[in-house]
Amino acid sequence: MKRLLSIVPFFLMPLVLAGCGPDETGPDVFIVAQWNVQTLFDGHETGREFSQFREAAGWTEEKYRARIVSLSRAILQMAPEESFGSNGLRRRARPMPDIIGFMEIENLGILEDFARGELSRHGYLWAAFASIPGAPIGVGFLSRLPIVDVRAHSITVEGVTAPRPLLEVRVKPAGRPVVLLLSHWKSKRGGDVATTPQRRASARVAQRRIGELKAAEPETPVIVMGDLNENHDEFYRHLGQLLTALLPDDPGAALLAAQRRPGSPPDFLVLSAEKPPRAIFFPGNVHALYSPWKTEKTGGTFYFRDRWQTIDHFLLCERFFDGTGWNYAGSSVLNHAPFVGADGTPNSYNPRTGRGLSDHLPLLLYLRNLGEN
């Protein structure tokens, strides 16, 4: 594993208006958001940008700044306002997310621009970003809570290198540590079968890191999150014939996994609908994670070939279901305006016109602090 970038804290003076200061989540609720914001490049050309985000294609600093504003205003809709009282003041119906995981952003400066702009009233004072050296895009966190530790794990397994690292951060809402592992796995461009080894390489690193954390600090809950470019039912979509990176706790999946090279570490994640999650059909060194897609959510976050895809994920370890500390309280897809268009599908961004937001919908995760037994 290779450490790519350490935490970069930055401090801003929050804009506080009379009766309208920064909202606080409080000690009992912790909200995590994630959003693949569809190739967000800044206005400075380095030569690594995708072709449509270069000066020759009409990409400008002005278009970038306008996009930061539109995305920021959409993020504010993650916690909609409601009228309050006869004085006409407006307050938040729900708190803003405490931490937001972003995918497909170019650099750390973009996170800083988010924090200094429309979101400045809400106290996003910490950020972490990581990418593979020379890669055009990476992943990052923007947080209202201090990020107390950060690690970035590069992913090269048996000569297969994933295009983006796994970014690990640790926060302590209400003094209780939570570890978040943010990934953006290889897309299926080039074919499902041909690209599966890179996604399995990423899953292998996530599986290993979960095991290390459980061994060193078994009380600390872990969340795997991000655009993993596989559906929660990917194995079944391939009729049980392909060893995908996300597997169900299914005897057929376990049998296929057992046919790999003997002794090789698990290069897949097992998704469970059980609370707490468990892997009945897999060996003890395989860690099962709870997926809300299994039973609680419908639709998807990405629309491709007239079909919803469930490729963006929050996957939770068993510690979120033990009745103490931070426990799972729900998850939702933001499938309303401005995130969707008139046809109900993601409001994709068009760099030529400057309209739209992203071809992915955001996800929210809600955790509740249950204290000690």
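As a starting point, this report considers the structure included with it. Since we're looking at a predicted model, the values are computed, not measured.

Moving on to the overall build of the protein. Helix and strand content of the protein: 5 helices and 21 strands. For the protein, with 373 residues in total, the buried portion stands at 54%. In the protein, the share of contacts with a sequence separation of at least 24, taken over all contacts with a separation of at least 6, comes to 67%. For the protein, the exposed area adds up to about 15,900 Å²; of that, 51% sits on carbon and sulfur atoms.

A few words on the environment of T301. Summarising the element assignment, T301 is placed in the loop between strand 16 (288–290) and strand 17 (302–304). Spatially, the C-alpha atoms of T301 and V333 are 7.0 Å apart, while their sequence positions differ by 32 residues. A polar side-chain atom of T301 sits 2.5 Å from a polar atom in the side chain of D312.

The tally for this structure, following the rule as stated, stands at 18 salt bridges. For R73, the salt bridge goes to E118, with nearest N and O atoms at 3.4 Å. Of this pair, R73 sits in helix 1 (residues 61–76) while E118 sits in the loop between helix 2 (108–116) and strand 6 (126–130); the two residues are 45 residues apart in sequence, bridging distant segments of the chain. Note that R151 and D149 form a salt bridge whose closest N and O atoms lie 3.4 Å from each other. According to the relative accessible area criterion, R151 is partly exposed, its value standing at 35%. A relative accessible area of 22% means that D149 is categorised as partly exposed. The network of salt bridges with shared partners includes E61, R65 and D113.

Criteria and thresholds
- Per chain, residues are indexed from 1 in the order of the written sequence.
- Only residues with pLDDT of at least 70 get local features here, since the model is predicted, and only at 80 or more are side-chain atom pairs given and counted; chain-wide, interface and lining totals rely on the full set of residues.
- The side-chain quantities take in all heavy atoms of the structure and omit both hydrogens and water.
- Note on conventions: DSSP H or I runs of at least 4 residues are helices, E runs of at least 2 residues are strands, and numbering of each starts at the N terminus.
- Exposure classes here rest on a 1.4 Å probe applied to the protein chains alone. A residue is buried below 20% of its type maximum, exposed above 50%, and partly exposed in between.
- Only heavy atoms enter the contact rule, under which two residues are in contact if any of them lie within 4.5 Å.
- Residue burial considers only the protein chains on display, and all accessible areas are found by Shrake-Rupley using a 1.4 Å probe.
- In the analysis that follows, any N or O atom pair within 3.5 Å is treated as a polar contact, provided that within protein one partner can donate a hydrogen and the other can accept it, and provided that, for residues neighboring in sequence, both atoms belong to side chains.
- Put simply, a salt bridge is a Lys or Arg side-chain nitrogen that is within 4 Å of an Asp or Glu carboxyl oxygen.

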